[in-house]
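# Topology and contacts: notes
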Amino acid sequence: MRGLWRVIAGLLVFLPLLAGGVYVFRAPLVGRALETGLAAAGFENPVVRVEQVSFRRLEIARLAAGRDQASPALDLRGVSVEYAPRRLIAERRADRIAVAEGRVAARLSPDGAFSIAGMTRAAERGGGEADAALPFGALSLGALRLVLDTPAGAGEARLSGAFSPEEGGAFALSGRAAALGFGEAMLTGAVVEGELALARDGAVCLAARLAGDVAAPQLALRDAALALDGQGRSWRDILAGDAGGLVFAGRIVVQSADVPVAESPLLAGLFADEERPEEMLSLAGALDIVYGPDGFSLAAAPGAPPALEGAGGRRLAVEARGGEPLFERRGASRRAALKLSLTRAPFDGALDATAVRAGDGPWRFDLSARLPAQTVAGAALDSLTVSAAGEGSAQGVAATLDVAAAVKAAAYGDWRVEDAALRGALRAAYDPQAAAFVLSGADDECVLLDRARIGFAEGRARLSEARLCPGEGLLLEAIWRKGVEATLAGRLEARAASWRLGQTRIEGAPPAVAFRAHYDPLARAATAAGSFAGGRMTLNGAILAADALGRFEAAANEEGLRATASLERARIAQTGAAPMIAPVLAAGSARLENERLSFDFAASTPAGRRLGAGEGAHDLRAGRGAARFATGRLDFTPAGLQPAALAPVLKGIVGTTTGALAGDIDFAWGPAPEDARSAAAFELFDLTFRGPGVAVSQTAGLTGKIALSSLIPLATAEPQTVSIRRIDIGALPLEDGVVRFALPGDETLRVIEAEFPWFGGRVGAYDAAASLSGGAAFIPLQANEIDLKLVLEFADVDGLSGEGRLNGVLPIRFEGGRARIEGGEFVSAGPGAVRYAGPAAESASAAGEQANVAFSILRDLRYESLRVLVDGPLDGRLNFRMTFEGSGAVPVNEQFVRAPVIYRINLDAALLDLLNQAVLSSDVRRQIELGRQSGQEARDRRE
């Protein structure tokens, strides 16, 4: 108002001159003269109606100015000016000015400029020393209407009171405003009342009341009721031009106010809760204000700190920190020190903070908190320790954090985290305009996750000793809209993990995962993508996957989880002491939709030999799945691929192998280990191998088709038939046979029929069983229609021959890797003959009479019955007890007389070695084969 006082003082100089001419010109002319003076002073379209003028008094009925003459911005009625001519001329000062009523309009422009409507800039310019003294000795206002026009609306108040520089005075203000606003701040439905008392000694007493709604970018108040009471001094210093000498102390009391959380981004992150959202908070409390020459300070009132409270019991109070003011300003520097006392908003406990600001720079702050239990952005924490240092402004906050937290539970849509303990150093940033919070790794350090339970939809996972490390970009970005929209990215590693969905269990050391995941609360949908490498995990305790390398994508919403993965490689094996299959390298792809995982893969040996391809599916909810693997034709060579290298179950059963096979293998699994099942169908192409078992020296030329109903244990659903070119049991060779067998699934081989041609007849095993694990077995070999002539020819003993037919049985016991005959017996199927005229017979006559008789009978022993008993190991000495009943030529007086005889021969010798030697003498290929076999057996023993 200083410009108005200057104008009034200038006009008062003309009053004596105007008064002197009153008798000549009368009042109308005085009014015109005043209008001219007001126009020169900068008032627009001034109008002055003078009722009376004298040398001591001027009565103005109306003084108006403004662009709109119908409704002038300045419109004063009943203005009375009393003056003494001498003081008026010398001091430009009236004794008393009184305004009965009137209206003054002011304007606040969008750029912040303040102006009195109807007054030009020339009239508003202030002065210096000349403006310090007031142009009146006393001022009284009856009912002055003050109107303030702002970019958002206008308000109106009534001002009344009286004042004199000598005695002081008092003013009262009351007003209302539908809407007032400047910049981004808005006051609506406002009611203001105030009283200002200026004491004679310079003391100032101020009491004011404000009610209404307040809206600002970060905070909104509804139905706010505020009170300001304070005292200061000295108003006389202000009149003397020393505004810096004012000292004021007062208290602002927020009697009541409602705070809508949705309209207060500053609080939305603290009070957001999807399960129990706080829509409205109440604000109450008091602040003490101190203003003086040194600056300004704001402190929480003792016993009544400002506090926000929610209907759910949440509370946030601002308290003093060690008796320090909450805020103080000294020159261009500012400092804040406060303690936030929190109850479930978003956590229980206290937070200490200090902040300083120099000039127009940002706030620099330090913060520490140690909180026992709290909820932050949907996460319920058992404990939280935080220290932070950073800087902030109205545009946002950036800080470095050291955090140690124990998460009790957190939920973001279908994602849940429980019993998690983490610690680490982070960089944090908060943008209040976007309601966005971001985290990144501090100096590329990792967040350590000692343990955590994670759930998604109906799946559950556990992590232990995990590390979440920064990847490319931010670690976490969370935006508060209608819920928390979050993006999490980085690299996750863990020592151990487990995952369960329905009856599906995955456990072990997980691969390292580089990922980026996003959750949209409006769509209630989550997406994730990334890559994985390494790891060693089992599926339902049955299948092991290790050293994986690949990529994945996943999306989840209310309809379920969908995912795809591409596998560059992984090492797949079965768990347990006796796996069905040997480890293989797999590559392929997988797809997850409607809780069903389907996959396809190609497999090779660790050395890189291709083994075939397969496909399968797994029901996540049921925990059941199946896969089929087709080998194609696999060729076996001594230095290359071997069956035991593919199926460890065959080790010790099948030795070094040549030939080929092709097969289809089926696997199935379920939630329990006993749910694991397998089956296979193989076609054999001329397979030759040591075994099966340890008692069979070799099986050669095995050809046929075998359908296995189980791989562990080996089992068939029905008898199988294969052909065998040759099988050696010790030194007992059998050739060109057909075998019908079954595998009952009890680690035994049940021979239904295994029959081979043998010395003009047949030898075979019928309804016998043998252990596949090397245990004891008893197999009787039945011999029928054996031609004695062929047997003796095979023995190849010089001078030995004969004829006849034999039937019998050779019970063979397999035990400890050896085979022995126990109670073997051959009997003749009719008469026959044995003849021996070899070198032994020629020399028998010289050996004695009895030897001569014995060998004479053997020259032509014709038997009616022949019985041979055999016992002993096939790889050692056999005991033969032979009984011939018939007739032979007996020497009598140098003549030979045929007489009935019973001829017994006992023989204890390694006869089969002799037979084998006989074969070797005429079969060079057999010699080579046995030599090669012996060498391989030696290598196998070394392995």
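In the nomenclature of an unreviewed UniProt entry, the protein chain is known as Dicarboxylate transport of Amphiplicatus metriothermophilus.

Counting secondary structure elements, the protein chain contains 13 helices and 55 strands. The proportion of buried residues among the 943 residues of the protein chain is 42%. Carbon and sulfur atoms form 56% of the exposed surface of the protein chain, whose accessible area is close to 47,100 Å².

On to unusual backbone geometry. The bulk of non-glycine residues show a negative phi, and the bulk of peptide bonds are trans. Here R233 and S234 are connected by a cis peptide whose omega angle stands at 5°. Residues other than glycine seldom take positive phi values, yet D223 does so here, at roughly 50°. Within the secondary structure layout, D223 lies in strand β11 (residues 220-233). Located in the positive-phi region is D419, a residue other than glycine, with phi close to 45°.

We now examine helix α9 (residues 788-795). Near the N-terminus of α9, the side chain that reaches the backbone nitrogen of K789, with its oxygen 3.0 Å away, is that of D787. Just downstream of α9, D796 is the residue with a positive phi angle, here 55°.

The biggest cluster of nonpolar side chains holds 79 residues, and the ones touching the most others in it are F756, W758 and F884. Each of domain 1 (623-761) and domain 2 (785-929) gives at least three residues to this core. Those residues in contact with F756 that sit more than four places away from it in its chain are I724, I727, L734, E735, D736, G737, V739, G761, R762 and V763. Judged by nonpolar contacts, the second largest core, of 45 residues, contains A353, A405, L449 and A494.

Under the defined criterion, the tally for this structure stands at nine aromatic pairs. Ring pairing ties together the aromatic residues F296, F327 and W363, which thus form one cluster. Directly above the aromatic system of F685 lies the positively charged group of R633, at a separation of 4.7 Å from the ring centroid.

Let us look at the pairing of strand β51 (residues 818-828). Note: strand β50 (residues 805-815) against β51, eight bridges, orientation antiparallel. The residue of β51 that forms the bridge with I812 is I821. Note: β51 against strand β53 (residues 861-873), six bridges, orientation antiparallel. Paired with G824 across the bridge in β53 is V870.

With that settled, consider the side chain of T487. For T487, the position within the fold is in strand β29 (residues 483-501). Judged by relative accessible area, which is 10%, T487 ranks as buried. Only 2.6 Å separates the side chain of T487 from the side chain of H518, close enough to count as a polar contact. Ignoring any residue separated from it by four or fewer positions in sequence, one finds T487 in contact with L475, L476, E477, R516, A517 and H518.

Tallied over the entire structure, the rule returns 40 salt bridges. Salt-bridge contacts for R200 lead to E167; the nearest nitrogen and oxygen are separated by 2.3 Å. Of this pair, R200 sits in the loop between β9 (185-198) and β10 (203-215) while E167 sits in the loop between β7 (153-164) and β8 (168-182), and the two are 33 residues apart along the sequence. Residue R467 is joined to E493 by a salt bridge in which the shortest nitrogen-to-oxygen separation is 3.5 Å. Pair noted here: R467 is in strand β27 (residues 459-469) and E493 is in strand β29, with a separation of 26 residues, a long-range link. Judged by its relative accessible area of 36%, R467 falls in the partly exposed class. Judged by relative accessible area, which is 24%, E493 ranks as partly exposed.

Moving on, we get to the pairing of strand β12 (residues 247-260). Sheet topology places β11 next to β12; 10 bridges connect them, and they run antiparallel. Along β12, the bridge assignment pairs G232 with F248. Here 10 bridges tie β12 to strand β13 (residues 280-292), and the two strands are oriented antiparallel to one another. Across the sheet, residue V254 finds its bridge partner in β13, namely G285.

Basis of the calculations
Residues numbered from 1 in each chain as written. Predicted model: local features only at pLDDT ≥ 70, side-chain atom pairs only at ≥ 80, totals over all residues. Heavy atoms only, no water. Helix = DSSP H or I, 4+ residues; strand = E, 2+ residues; numbered from the N terminus. Buried < 20%, exposed > 50% of the residue type's maximum accessible area, 1.4 Å probe, protein only. Areas by Shrake-Rupley, 256 points an atom, 1.4 Å probe, with all protein chains shown as cover. Polar contact = N/O pair within 3.5 Å; in protein donor to acceptor, adjacent residues only side chain to side chain. Core = buried A, V, L, I, M, F, W, Y, C linked by side-chain atoms within 4.5 Å. Domains from an automatic or database assignment. Contact = heavy atoms within 4.5 Å. Phe/Tyr/Trp six-rings, centres within 6.5 Å; stacked < 30°, edge-to-face > 60°. Lys NZ or Arg CZ within 6 Å of the ring centre and 35° of its normal. Pairing = 2+ DSSP bridges. Salt bridge = Lys/Arg side-chain N within 4 Å of Asp/Glu carboxyl O.

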